[in-house]
Amino acid sequence: MDAFEKVRTKLETQPQEEYEIINAEVKHGGFVYYQEGCCLVRSKDEEDNDNYEVLFNLEELKLDQPFIDCIRVAPDEKYVAAKIRTEDSEASTCIVVKLSDQPVMETSFPNVSSFEWVKDEEDEDVLFYTFQRNLRCHDVYRATFGDNKRNERFYTEKDPSYFVFLYLTKDSRFLTINIMNKTTSEVWLIDGLSPWDPPVLIQKRIHGVLYYVEHRDDELYILTNVGEPTEFKLMRTAADTPAIMNWDLFFTMKRNTKVVDLDMFKDHCVLFLKHSNLLYVNVIGLADDSVRSLKLPPWACGFIMDTNSDPKNCPFQLCSPIRPPKYYTYKFAEGKLFEETGHEDPITKSSRVLRLEAKSKDGKLVPMTVFHKTDSEDLQKKPLLVHVYGAYGMDLKMNFRPERRVLVDDGWILAYCHVRGGGELGLQWHADGRLTKKLNGLADLEACIKTLHDQGFSQPSLTTLSAFSAGGVLAGALCNSNPELLRAVTLEAPFLDVLNTMMDTTLPLTLEEIEEWGNPSSEEKHKNYIKRYCPYQNIKPQHYPSIHITAYENDERVPLKGIINYTEKLKEAITEHAKVTSEGYQTPNIILDIQPGGNHVIEDSHKKITAQIKFLYEELGLDSTSVFEDLKKYLKF
């Protein structure tokens, strides 16, 4: 839903086709607030980077290469708050800067997760924020500054399996306190006109029921999975009667539809959807309940949402793993979608994107997205890089990555396998791949790779697999069950020891993760099922593909200990297998690259990207000279 921290991301084309990701940016009143160098700045013209006012120098925090992750401006621009963190840690600091003739930092709060401003009856700015400890976010605070300085905790979530975050409705009328675990949610409303009043509960949590709230003209618009089928539908009710018995069905989604996001405007509601793995925008006219469905270009694989206050236009960006974001705007008055004009990316003509399906062993059709060069001959002899995730109802990441584009330019085939456990086909797609159905995701992955080979895309000796975090479960399981399908694997911060991790309730995420993996400590059924697929538990003496693992020293989400134990056990099994094989057997390379820091995944690490690509080319016996020359066009080494 991306309600929590919608951070606008820009990608600008630089000379020599270089690309640079720009950090958080917010427009408020007549100013644009953003990061310039090591400073929080504001400017009256976002295009004029030489004409800005420095609000705060990030170097004062004495952090290693700090960057701004999120910005919120108080309603009357008396204060601005910014969340700052580093690439080496998930911990963040929220600074509050007073906007006067000489801007000054008013205060700072450690370990802030989400935060929003509202204005009270005395015309005083109130900052609401959530405090995060050990990856758990249970406490909500509110603070004022200046002469009436105060800071108080006013809500604490008692259930350790739930996470709390704040969201301000698009019209700023209500601040919502969202309390969620993986399958259930509960929302409380803070009146934006009376923020010191007690919060109002919309609907008490019901196990298995998710709901998210927006507001317009004294009505609540509720995106929820309540009722049959258990997929998202849009409901609405009067703001003063918010309980579930008053919810009226307003709009239903088609089957196999993922709701990516929702944006509310004065007279329209815009739904960003993924239906059967293609992107759509549905524009609902709130005056007449009309619906206009727009099918987006077939190359598009992901949305990037825009922070926008213009009631006449709905801007957004589309991207794919090999194509940088492109701006689009839906103009309500014209009832049309307009795309950014200018230079057409050459990748449009030089590559193909295919939407394929594989039949899993239970007959379920599993979607795949495949990219390759249009002029490639004999695709069976081309290297293949397969991507998989399949957990938490989250889509496989398909944002633009320069290194993916370089691989396609160099003749590689990229295949993204949208297996069960992910969210690409809606909530049921996730339900069919979690708890005691996790093996469905493994069967789907096997079917995808075999289907690709059968349809002439590469062959096992040229097939590689990439996964990060929870995607490591399926990747590691496949290495145990069908290693002959793969030549090499790259894993980043992979979850490989599911059983022992989920048995350790002292870890910060174990209780929260029970909804996804089960509770092996108290339920023998879950324990026995996890044993069937857990990568660490199923290592055995046999041939394995070569594996490159990137891990992070102080990663709180995936403990380093489990990755080290997996690596050592795997090397022992490979050594044992080598002893009983014929002379000349080439043992696979197992590389564990431990990076410093405590972040979970650092997407833009040039060192990591270089190491992974070098590993893949060496394992497949390919010349990497040209690929690294091409990478220099995109990445500033």
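Residues numbered from 1 in each chain as written. Predicted model: local features only at pLDDT ≥ 70, side-chain atom pairs only at ≥ 80, totals over all residues. Heavy atoms only, no water.

- As annotated in an unreviewed UniProt entry, the protein carries the name Prolyl endopeptidase-like isoform X2 and comes from Castor canadensis.

### Things to note about the sheet that holds strand β37 (residues 546-552)
Then, number 1: Reading across from one edge, β31-β32-β34-β33-β35-β36-β37-β38 is the order of the eight strands in this open sheet, with mixed pairing throughout. Two strands in the sheet have a free side with no partner beyond their single neighbour: β31 (351-359) and β38 (590-595). Averaged over all neighbouring strand pairs, the angle between strand axes comes to 15°, with direction disregarded.
Then, number 2: Contacts from helix α9 (residues 560-579) reach β37 and β38 within the one sheet, and its direction differs from that of β38 by about 165°. (Pairing = 2+ DSSP bridges. Helix = DSSP H or I, 4+ residues; strand = E, 2+ residues; numbered from the N terminus. Axes fitted to C-alpha atoms, helices over the stretch in contact; angles between N-to-C directions. Contact = heavy atoms within 4.5 Å.)

### Some details on the environment of F67
Then, number 1: The topology assignment puts F67 in strand β7 (residues 67-73).
Then, number 2: Its relative accessible area of 15% is what places F67 among the buried residues.
Then, number 3: As a C-alpha pair, F67 and G37 span 30 residues in sequence and 9.0 Å in three-dimensional space. (Buried < 20%, exposed > 50% of the residue type's maximum accessible area, 1.4 Å probe, protein only.)

### Let's talk about unusual backbone geometry
Then, number 1: E228 connects to P229 through a cis peptide bond whose omega is -10°.
Then, number 2: Residue position: P229 is located in the loop between β20 (219-224) and β21 (233-238).
Then, number 3: Non-glycine residue N134 carries a positive phi angle of around 55°.
Then, number 4: Residue placement: N134 occurs in the loop between β12 (125-133) and β13 (136-144).
Then, number 5: Judged by relative accessible area, which is 48%, N134 ranks as partly exposed.

### Regarding helix α10 (residues 606-620)
Then, number 1: Its 15 residues give α10 an end-to-end C-alpha distance of 21 Å, which sits within 8% of 21 Å, the value for a rise of 1.5 Å per residue.
Then, number 2: Among all positions in α10, only K608, I609, Q612, I613, F615, L616, Y617, E619 and L620 are buried.
Then, number 3: Among the residues trailing α10, G621 stands out with phi positive, at a value near 70°. (Expected span 1.5 Å × (residues − 1).)

### Observations concerning the pairing of strand β25 (residues 278-285)
Then, number 1: Of all the eight residues making up β25, eight are buried; the element is thus mostly covered by neighbouring parts of the structure.
Then, number 2: The side-chain alternation of β25 yields two buried faces, one formed by L278, Y280, N282 and I284 and the other by L279, V281, V283 and G285.
Then, number 3: Where strand β24 (residues 268-275) meets β25, eight bridges bridge the pair, whose relative direction is antiparallel. Counterpart to V270 in the pairing with β25 is V283.
Then, number 4: Between β24 and the antiparallel strand that follows it, β25, lie two residues; S276 among them carries a positive phi value of about 50°.
Then, number 5: Alignment of β25 against strand β26 (residues 291-295), held across five bridges, turns out to be antiparallel.

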